[in-house]
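# A look at the structure
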Amino acid sequence: MKPLRTPPRVEPRRPGNALIVAAMLLSLCILSLIKARYCPSPYAKAQSPTEVDHVEVSKIVTEKSGKAAALPGVEDDEGNAVAPKIVADEAVSNLSRPLCSETSKRSNVCEAEGGIRLQGSSRTIFLHPSLADREWKIKPYCRKHDPPAMKKVNEWTMKPFPSDKAPPRCTAKYTVPALVFSIGGFTDNLFHDFTDVIVPLFISSYRFHGEVQFVVADFKPPWVSRFILILRQLSNYDIIDADNDDPGAVRCFPRVIVGLSFHKELGVDPSKTATGYSIVEFKEMLRKAYGLERPTVERWGVRRKPRLLLISRNKTRVFLNEKGIADMAASLGFDVRATEPTNKTDVGEFARLVNSADVMIGVHGAGLTNMVFLPAGAVLIQVVPMGAPGWLPRDTFGQPSRDMQLKYLDYHIEGDESSLTEQYPKDHPVLKDPSSIHKQGWYALSEVYLENQNVRPQLDRLKNTLLEARSLLPHNSKEA
């Protein structure tokens, strides 16, 4: 006999539950519509080449290593431009950061990360609208305080592309940062080549270990050719000539830096560099670039004479008794070489000559910049023209030479050693009161004391300076 089954208990219907479920479903539908309209997914799956691939702005920032992260969703797989979507929170965050800043009294630098489009022919850098809401302008050369120099430097513009239009289409994509700088200004003078461009370029690019693309403005082919071995030490890539770039070229980078950082004349402040590198690493880089064999000076003695390199000049601040100086130095046991570098001198060849010297002497001027090639422990002697203000020899070559691990001496020209005594009466302010000329400004003092003065050092007095220089060099005392 089959057991009887109890019929299931019928619960009374609760119409309130159905209403609640229906209301929840309706709410979800409404929320979905709002999200679709105003909050597109930041991780939408890539669609066909004509559809937008939305990417969070935070995802376009380049890693600090220099490797590029994904570019923003402003192009399809075929490279066709499409309108980008902006993430509002990121836009507010990025717009609060200034693109440009003053890195020193001599230099401004602008920097941006994410979806950078660079058009060299128009000197324009287009930015994602989340990065800027106005234009920024900069002349990428380290003499912003010097109007005559900056007249020779063209201005660059950084600006957002319209958020409601397609951005410029990339014609080339890069995975490393772009570094934009000018070689206009006062370049083609060796001192300015190094203090305005090459040392700041080292400061700004050394941290990337070659993984940076140089974009050179105010391009001078002879200048680039002259210093190409240095440029190749700092970047693994061929230089982009912005001035002669194809008008239709739009180069896309994950990051851009416009302008170089300046620290001090011919110097690097380790406290301001990414990893504490200094002018010592700069000199090491130069040795690699030009195959310089001597990191430091060697001992001298009977078997090896100390070498003295005399930097000649033939237009201004000329040694009027150069042969007498060379003969006197030779009598003191120096192996003397005298030569004048010019803009046509092969940098590598002259660098090797300087690197072979133990002592270098010259009148204040661009030629002394070659001290960057001297080995550590060598001696630099700066002959200071009469009337030169104290800061000039100190800041240009005195302090920088010490930072370069060189020994420094100076020799100040006196009245009877200067050609100015033949040009002015004894009671003229040029001879009696140089400070009154200084007060007239740089161009007045330069014209008088630098551009129109030659020197004739007294050999007996200069002899003492050369003997002091020799004593500063390491030597075998038994042989000396």
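Details of the structure are given in the entry above.
Cut-offs used in this document
- Residues numbered from 1 in each chain as written.
- Predicted model: local features only at pLDDT ≥ 70, side-chain atom pairs only at ≥ 80, totals over all residues.
- Heavy atoms only, no water.
- Disulfide = S-S within 2.5 Å.
- Helix = DSSP H or I, 4+ residues; strand = E, 2+ residues; numbered from the N terminus.
- Buried < 20%, exposed > 50% of the residue type's maximum accessible area, 1.4 Å probe, protein only.
- Bend = angle between axes of the 7 residues up to and from the residue.
- Polar contact = N/O pair within 3.5 Å; in protein donor to acceptor, adjacent residues only side chain to side chain.
- Patch = residues over 30% accessible without salt bridge, like charges linked within 9 Å, V, L, I, M, F, W, Y side chains within 5 Å.
- Areas by Shrake-Rupley, 256 points an atom, 1.4 Å probe, with all protein chains shown as cover.
- Salt bridge = Lys/Arg side-chain N within 4 Å of Asp/Glu carboxyl O.
- Phe/Tyr/Trp six-rings, centres within 6.5 Å; stacked < 30°, edge-to-face > 60°.
- Lys NZ or Arg CZ within 6 Å of the ring centre and 35° of its normal.
- 1 Å grid on protein atoms, 1.4 Å probe; cavity = no way out; pocket = protein on both sides within 12 Å on 5 of 7 lines; lining within 4 Å.
- Points joined across faces, edges and corners; volume = space filled by probe spheres on them.
- Nonpolar A, V, L, I, M, F, W, Y, C, P; charged D, E, K, R; others polar.

### Here we look at the state of the cysteines
- Applying the stated rule across the entire model yields 2 disulfides.
- Here Cys 100 engages in a disulfide with Cys 110; their sulfurs sit 1.9 Å apart. Judged by the sign of its S-S torsion, about 105°, the bond between Cys 100 and Cys 110 is right-handed. Here Cys 110 lies in strand E2 (residues 108-119) and Cys 100 lies in strand E1 (residues 100-102), a separation of 10 residues in the sequence.
- For Cys 110, a relative accessible area of 1% corresponds to the buried category.
- Put simply, Cys 170 and Cys 252 are joined by a disulfide, and their sulfur atoms are 1.8 Å apart. The disulfide joining Cys 170 to Cys 252 has a torsion of about -95° about its S-S bond and is therefore left-handed. Of this pair, Cys 170 sits in the loop between strand E5 (156-160) and strand E6 (172-173) while Cys 252 sits in strand E10 (residues 251-258), placing them 82 residues apart in sequence.
- Residue Cys 252 is classed as buried on the basis of its relative accessible area, which comes to 1%.
- Ordinal numbering of bonded cysteines along the protein defines a disulfide pattern of 1-2, 3-4.

### Focus on helix H4 (residues 190-205)
- Along H4, the sharpest kink reaches roughly 30°, centred on Ile 198 and followed within four residues by the proline Pro 200.
- The N-terminus of H4 is capped by Asn 189, whose side-chain oxygen sits 3.0 Å from the backbone nitrogen of Phe 191.

### So, unusual backbone geometry
- Positive phi is not limited to glycine here, since Asp 188 has a value of about 85°.
- With respect to the helices and strands, the residue Asp 188 is situated in the loop between strand E7 (178-182) and H4.

### Quick notes on a nonpolar patch on the surface
- Together, Trp 391, Trp 442 and Tyr 443 give the surface a local cluster of nonpolar side chains, amounting to about 350 Å² of exposed area.
- Along the chain, Tyr 443 falls in helix H13 (residues 442-450).

### Details of the packing of aromatic side chains
- Per the stated rule, a full pass over the model turns up 13 aromatic pairs.
- Aromatic pair Phe 202 and Tyr 277: ring centres 5.6 Å apart, planes at 80°, arrangement edge-to-face. Of this pair, Phe 202 sits in helix H4 while Tyr 277 sits in the loop between E10 and helix H7 (279-290), and the two are 75 residues apart along the sequence. Summarising the burial analysis for this pair, Phe 202 and Tyr 277 share the class buried.
- Grouped by ring-pair contacts, the aromatic residues Phe 194, Phe 202, Tyr 206, Trp 223, Phe 227, Tyr 277, Phe 282, Tyr 290 and Phe 373 constitute a single cluster.
- In this structure, Arg 106 is placed above the aromatic ring of Phe 262, and the distance from its NZ or CZ to the ring centre is 3.9 Å.
- Cation over ring: Arg 134 sits above Trp 136, and NZ or CZ is 3.7 Å from the ring centre.

### A look at empty space enclosed by the protein
- In this structure the tally under the stated criterion is 3 cavities of 30 Å³ or more.
- Here the largest cavity defines a volume of roughly 60 Å³.
- Taken together, Leu 190, Phe 194, Arg 226, Pro 341, Thr 345, Val 347, Phe 350, Asn 370 and Phe 373 make up the full set of residues lining the largest cavity.
- Those elements giving two or more residues to the lining of the largest cavity turn out to be H4 and helix H9 (347-355).
- Counted by class, the lining of the largest cavity contains 6 nonpolar, 2 polar and 1 charged residues.

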